[in-house]
Structures are given as C-alpha cells and as structure tokens.
Amino acid sequence: MARAAVLGRLTWRVGTVAALRDETATARTIVLDVPGWPGHLAGQHVDVRLTAEDGYSTERSYSIASAPVDGQAGPPVVELTVQRLADGEVSPYLTQTLAVGYPLELRGPVGGWFVWNPDGPGSTRPVLLVAGGSGVVPLMAMIRERAAAGGRAPFRLIYSVRDPGALLYADELARRERAGDGLEVTYVYTRTAPPGSGQPTGRINAATLASAGWPPAESPAVFVCGPTGFVEAVADLLVRGGHGTGAIKTERFGPSGGKP
Amino acid sequence: MGIVSPGFSGRRRESSEKLPPGQYLVTDFPVLSAGPTPRVDTGRWELRITTETGQVHRWDWAAFQALPAEEPTVDIHCVTKWSKLGTHWRGVSLDTLLADVETSAGFATAKSYGGYTTNLPLADLVDGQAWVAFDFGGEPLEAEHGGPARLLVPHLYFWKSAKWLQGIDLSDHDTPGFWESLGYHNYGDPWREQRYWGD
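Residues numbered from 1 in each chain as written. Chains lettered and ligands numbered in written order. Predicted model: local features only at pLDDT ≥ 70, side-chain atom pairs only at ≥ 80, totals over all residues.

A. Region of interest: the overall build of chain A. Along chain A, the regular secondary structure elements total five helices and eleven strands. A globule of 260 residues ought to have a C-alpha radius of gyration of about 18 Å, and chain A, at 18 Å, matches this closely. In terms of its C-alpha atoms, chain A occupies a principal-axis envelope of roughly 55 × 40 × 30 Å. Out of the 260 residues belonging to chain A, those deemed buried represent 46%. (Helix = DSSP H or I, 4+ residues; strand = E, 2+ residues; numbered from the N terminus. Rg over C-alpha atoms; globule rule 2.2 N^0.38 Å. Buried ≥ 20, exposed ≤ 12 C-beta atoms within 10 Å, placed from the backbone.)

Written out as structure tokens, the structure reads:
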C-alpha cells in the first residue's frame, strides 16, 4: 500500500457504495469500493463531486474515516462519515438519498499536513486528539490506523459533543478503550450529559486539557479538528498551557461545511 | 462532465458567471489554517520586503498606515470550495509597496508570523492585482482572518493570500511554499481549477 502523503495527479475515480451505516440521527458512514485507490494517510480527505442530469455539478471535501489499512485482505475501502447540515446541498444527498450500489465520484487523498503516520518520524510520541462534533472523523482514522498498524504511541482523545446522541463511533470508541492498549477517551458534553452520569456540562477548558491531555513536557503531537470557533478556542488554550505552536496541527470547518 | 449521481438535482443553482468551476457560494467567512492563530501586536509588527540582492525595505505599523490605502471589493475563492463574492477590504497596493523596490526578480515568497509561506510569480502581485489588507468589511482584520495584515491576491485561490503577513522575499527562483509542498497547486488559478499538483 502506498504511503506517500501525496501522490501524482489526482484523477477523479468512480467509487461504488458498498454499505451505509447510520452513526447518529443525522450522520451516516458511507463505505466505498474504489478501484485503484492509491492508499492514504490517516487524517487526509477526499473531494466528492455530485452531478445532476442537466450537467450541474458541485463538489465538497470530506475527511476519510477509515484507516489506510484495515488489517484485512481485499480491495481498498474508503469510508466517509458525513454529518447532515440542515441547509446543505450535498450532505442531505449523501446521508438520505445515496443507496448501496450507487456510484460516487471522488478524488484524493488530499492533504499532507493534518496526518498521523505510524511509520513516520516521531511515531512513538504521545498523541493528543481534540475533537469538536463531527471533527472527530479524521481523528478516528488516526485511532483506527494506530490499532491496525499495532502502533504503540499512547493516544488520548478529548471529544466534545452536544449530547450523547450526537456521539459518532460511540460503541467502537468504548470497545477500543476497553482493549486497554493505550487509548484513553474523555467526553465533554456541552449541553446534555448522559443521564445519571452526574457529569457536568460545559466546554473544554484549561483544566480539561491539563487533566485529560498530556503535559507539554511529554512533547505530544496534537491534532485539533472541529468548527472554527472550537478550534480557535482549544488551540489558544493549548498554546497558553505551554504547548509549542509547531506541535499543534489544526483543521477547521465553518458553518458552511467548508473544510481544509 | 462527471457521471450522473442518481437522484441528485442540486438544491441551488448559483452557478453565476462569477463562480469558478467546483466552487459554491457562502455568506459567512470560513477559516482555513494549519495551526494555532498567531497573535501579533501592531506595536511589534513590521513588514519587510527583501529583494534578490538582499536589500531590505521595512515598514512599521505607523509607516505602513501612512501609505495611501485602497478599498478593493473583490471575489475570493478558497481551494476548499467556498467562494465569497463582493468582499470589501482596505489595504495598501503592492504597487505602492514595490514602487521604490529595485528588482528584476521573477518570483515572490510571502512569509507569515507563525512560519507559513506561500509562493507566487511577482507578476501576480503587481498591476493592481494584490494588496496588503488590514481591514475587512469596515473593521480591523481579525486575527483568525489574518490580522493585523494579510496579503490579498483575489485572482488566485485564497491560500495564496497569506495571513499574518510578515514579509515578502523576492527571488530569481520559484520555491514552493507550505501548501504548495503538501500537494496543492504551485500557481492556483481558480478559473482553471488548479487545486492540486497536476491540475
């Protein structure tokens, strides 16, 4: 499997929807068979193009949720998890209309910066992942990649969501954490905590990052992904907490769904 | 034309002549950057243009603000697909900044506080095509959008409009910048959809 962050020319490919999984009431994972897929790094994204019968077409970017290698033989699989936006043009199609067997045009992988590579230099450094809402998607690819590659870097995920119903990959994260091989997950609920948990609600703050993250002295690699306001706030807290700006990689998306 | 997506009609038909291929309109102002937002105090701010012979031209914030400013209204196009039309800026034209700069360089690298770089031909910075902007929509440019001052080169994808601009190095040689080294197109013309290497 090719591991180059960026290969040559990125041509449009036609994938076929192999399976669909509802992750929440408004988010769906699309499993695609993509013949000739060159492989990717955890954290990269693809461009998706939809075309109407009259020739009108439009494109969006979506993070890849699947690990580059899933540990199984067979054709490469690309999984995207798409959050439906109420006023969206593309996400309602991808989460409501698209069916198994449908074709979907995509090109990628795109982006050589917001990536975690188990074979790369510094791959044993501790990793802090901070997710806001569906910003967890590229971070999940990193968690899956770590497991698939047998990576030993200790991972901590701080995952901020509105309420338990908005959690993506809840069962899988719980299972992976129970495996006890170096993944720790801390959930932060901004509006409603799980019933009976007694957990307070609120936003990620300096105390959260200090207790659930890594001390700067451990030189963690930090990945922050979420809406712009979330990323701005968390990145500022991390810098003020003593983390080097060069160790913090961010990816942001606005209300419009525009995403690097 | 791509293959038809069964059941997709497209909710919007905003493919106005002002929208390059593959772009869609937004009314908000999304942010794209690779790391924490640098906070640059105008008291310590300096803009530097360095020629290919090493000659340095400097402006502190007061000297920069004393230069004649223009108020361009331009369309901006981000490689992540959003476009925003009719954005209103205030800034100093690169023609003004380069007026006393002796150079025969063909290329420029914009450098940012925080370490970001982006490269472009010098020809794309002159003749009324580029500004160092410090005001957006009538307000001082916010840090998350590149304040105190950012490059504004609206005819190229917006990553060429370096935020938190610190300086511009002129050179006889073209050196790929940050995104240009990470798979994004070296020139980035939205009308030719030059998003990635090989486009």
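B. Local environment of the sheet that holds strand β1 (residues 13–22) of chain A. Residues and elements named next belong to chain A. In spatial order, the strands read β4-β3-β6-β1-β2-β5; together these six strands make up an open sheet with antiparallel pairing. The sheet is open, and its two borders are formed by β4 (57–63) and β5 (77–83), each paired with just one other strand. Across the sheet, the mean angle from the axis of one strand to that of its neighbour is 40 degrees, orientation sign disregarded. The pairing of strand β3 (residues 45–51) with strand β6 (residues 103–110) spans four bridges and is classified as antiparallel. Bridge pairing in β6 places Val48 opposite Leu106. (Pairing = 2+ DSSP bridges. Axes fitted to C-alpha atoms, helices over the stretch in contact; angles between N-to-C directions.)

C. Structural context of the pairing of strand β4 (residues 73–77) of chain B. Residues and elements named next belong to chain B. Where β4 meets strand β5 (residues 82–93), four bridges bridge the pair, whose relative direction is antiparallel. Each residue of the ladder has a partner; that of His77, found in β5, is Ser83. Counting the residues in the hairpin turn of β4 and β5 gives four residues, including Lys81, whose phi is positive at 100 degrees.

D. Quick look at the nonpolar core. Ranked by size, the top nonpolar core spans 111 residues in total, and within it A:Leu129, A:Leu139, A:Phe223, A:Val224, A:Val234, B:Val132 and B:Ala133 carry the most contacts. Take this core: its biggest share by element is eight residues, from helix α2 (residues 136–148) of chain A. In terms of domain composition, this core takes at least three residues from each of domain 1 (13–110) and domain 2 (127–253) of chain A. When sequence neighbours within four positions are dropped, the list of residues in contact with A:Leu139 reads A:Leu129, A:Ala131, A:Leu157, A:Phe223 and A:Cys225. (Core = buried A, V, L, I, M, F, W, Y, C linked by C-beta atoms within 7 Å. Domains from an automatic or database assignment. Contact = placed C-beta atoms within 7 Å.)

E. Representation of the environment of A:Ala221. Residue and element names in this part refer to chain A. Mapped onto the elements of the fold, Ala221 is located in strand β10 (residues 221–227). Judged by C-beta crowding, with 20 C-beta atoms within 10 Å, Ala221 ranks as buried. Remark: the alpha-carbon pair of Ala221 and Ser123, spanning 98 residues in sequence, is separated by 9.2 Å. What Ala221 contacts, discounting residues up to four positions off in sequence, is Gly122, Arg125, Val127 and Ala247.

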